[in-house]
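# Analysis of the macromolecular model
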Amino acid sequence: MTDGVAHKAAQAAPGPMIAMQDGTQIYYKDWGSGQPAVFSHGWPLNADAWEQQMFFLASNGYRCVAHDRRGHGRSSQPWTGNDMDTYADDLAAVIEALDLRDIILVGHSTGGGEVARYIGRHGTSRVAKAILVDAITPLMLKTVANPGGTPIEAFDAIRAGVITDRSQFFKDLAVSFYGFNRPGAKVSQGIIDMFWMQGMLCGLPGAYDCVKVFSETDLTEDLKKIDVPTLIIHGDDDQIVPIADSAYLAAKLVEGSTLKVYPGGPHGVAATHTDQLNADLLAFIRS
């Protein structure tokens, strides 16, 4: 009898997957207890990219939740729904399924765009604070209205790399992602391998489609809707999302936001500036 009850309880316990409306299964990890911090990762990574921040904050009394975006990591790899609105709605579904409230929303790169679009579509009734780290906001693509952006040819080259030989492309991309191509940089083969491994877990449709998402999604109006305390962190040597056309503009669009620049910081500061980022996250959450 006891075994049967235990088995039933195990079956009823929340699993690591949450089903979306279209049947897509979203993997998530949920560590610690306390006020929730919810993390959205960058392309082509997954929730593991946030592990050092999650472990640190969970060890300091916070509940840390991170999901693998659809098409990425351990989540389903659907052919459709690889767009920013659906990414934001998936995030909302995870938050609602776990009934998270008073959240600190943290997003890196594409995940920063996801955080902005979540607030744009779902508001801040469940959100206490927002943190954007090397985020794609407001718009990466060079247009008439955004002359400082990155030309479409650069994103076409990324698509070509993904479709032709994404394994080698991810190995090469990791070098600039973490600033390892700079003079005097302390290169970590382990970090490069971590990036490659997470990138290869991303399905080809999700990896390919997300390039359009992170490059062409205009998040200007979403940023204007952010009405909670917001911290914007960006490396001033970010070679993937240059700071001049991202954080400097976003800081003006998010009323009352705080901008913190990491001198010499690359795109992947969660791995290269771990202690500094952890300390800044904790200080802002406690402030």
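As a starting point, this report considers the structure included with it. (Residues numbered from 1 in each chain as written. Predicted model: local features only at pLDDT ≥ 70, side-chain atom pairs only at ≥ 80, totals over all residues. Heavy atoms only, no water.)

Turning next to the packing of aromatic side chains. Overall, the coordinates contain 10 aromatic pairs when judged by the stated rule. A centroid spacing of 6.1 Å and a plane angle of 55° characterise the contact between F169 and F170, whose relative ring orientation is tilted. On the accessibility criterion, F169 (17% relative accessible area) is buried. Its guanidinium or amino end placed over the ring of F284, K129 lies 5.1 Å from that ring's centre, counting from NZ or CZ. Against the face of W196 rests K171, its NZ or CZ located 5.3 Å from the ring centre. (Phe/Tyr/Trp six-rings, centres within 6.5 Å; stacked < 30°, edge-to-face > 60°. Buried < 20%, exposed > 50% of the residue type's maximum accessible area, 1.4 Å probe, protein only. Lys NZ or Arg CZ within 6 Å of the ring centre and 35° of its normal.)

Below, the discussion takes up the packing of helix α5 (residues 152–177) against helix α7 (residues 204–216). Viewed as axis vectors pointing N to C, α5 and α7 meet at an angle of 170°, and their least axial separation amounts to 10 Å. The pairing of α5 with α7 is recorded here as roughly antiparallel in orientation. Between α5, through I152, F155, I158, R159, V162, I163 and R166, and α7, the contact on the second element is made entirely by L204, A207, Y208, V211, K212, F214, S215 and E216. Residues that form the contact of α5 with α7 fall into these classes: 10 nonpolar, one polar and four charged. (Axes fitted to C-alpha atoms, helices over the stretch in contact; angles between N-to-C directions. Helix = DSSP H or I, 4+ residues; strand = E, 2+ residues; numbered from the N terminus. Parallel < 35°, antiparallel > 145°, perpendicular 65-115°, else oblique. Contact = heavy atoms within 4.5 Å. Nonpolar A, V, L, I, M, F, W, Y, C, P; charged D, E, K, R; others polar.)

Sheet architecture is open: eight strands sit in the order β1-β2-β4-β3-β5-β6-β7-β8, paired in mixed fashion. Both edges of this open sheet fall to β1 (17–19) and β8 (258–262), since each of them pairs with a single strand only. For this sheet, the mean angle separating the axes of adjacent strands, direction not counted, is 20°. By the bridge criterion, five bridges tie strand β7 (residues 230–235) to β8 in an arrangement that is parallel. Note on β8: the bridge partner recorded for L231 is T258. Helix α11 (residues 274–286) contacts β3 (35–40), β4 (62–67), β5 (103–108), β6 (127–133), β7 and β8 of the sheet and is inclined by roughly 155° relative to β6. (Pairing = 2+ DSSP bridges.)

Tracing the backbone through its elements, the reader meets S257 in the loop between α9 (247–253) and β8. On the accessibility criterion, S257 (18% relative accessible area) is buried. Spatially, the C-alpha atoms of S257 and L219 are 16 Å apart, while their sequence positions differ by 38 residues. With near-sequence residues (within four places) excluded, S257 lies in contact with T230, I232 and A251. At 2.9 Å, the side chain of S257 forms a polar contact with the backbone oxygen of V254. (Polar contact = N/O pair within 3.5 Å; in protein donor to acceptor, adjacent residues only side chain to side chain.)

As for its position among the elements, H41 is in the loop between β3 and α2 (51–58). Residue H41 is classed as buried on the basis of its relative accessible area, which comes to 1%. Beyond its immediate chain neighbours, meaning those up to four positions away, H41 contacts N46, A47, W50, H67, D68, R69, H72, H108, T110 and G111.

When the terminal C-alpha atoms of α7 are compared, their 19 Å separation across 13 residues agrees well with the 18 Å that a helix rising 1.5 Å per residue should span. Those residues of α7 that fall on the buried side of the exposure criterion are G206, A207, C210, V211, V213, F214 and S215. (Expected span 1.5 Å × (residues − 1).)

Okay, the nonpolar core next. In terms of nonpolar packing, the biggest core is built from 61 residues, with W43, L105, Y118, I158, Y178, F195 and F214 touching the most fellow members. Among the elements that line this core, the one with the most residues is α5, at eight residues. Once residues within four sequence positions are removed from consideration, F195 is found in contact with P44, L45, F170, L173, A174, F177 and Y178. In terms of nonpolar packing, the next biggest core, distinct from the first, is built from 23 residues, F39, V106, L231 and F284 among them. (Core = buried A, V, L, I, M, F, W, Y, C linked by side-chain atoms within 4.5 Å.)

Looking now at the state of the cysteines. Counted by the stated rule, this structure contains zero disulfides. Counting only cysteine sulfurs, C202 is the nearest neighbor of C210, a cysteine outside any disulfide, at a range of 7.1 Å. (Disulfide = S-S within 2.5 Å.)

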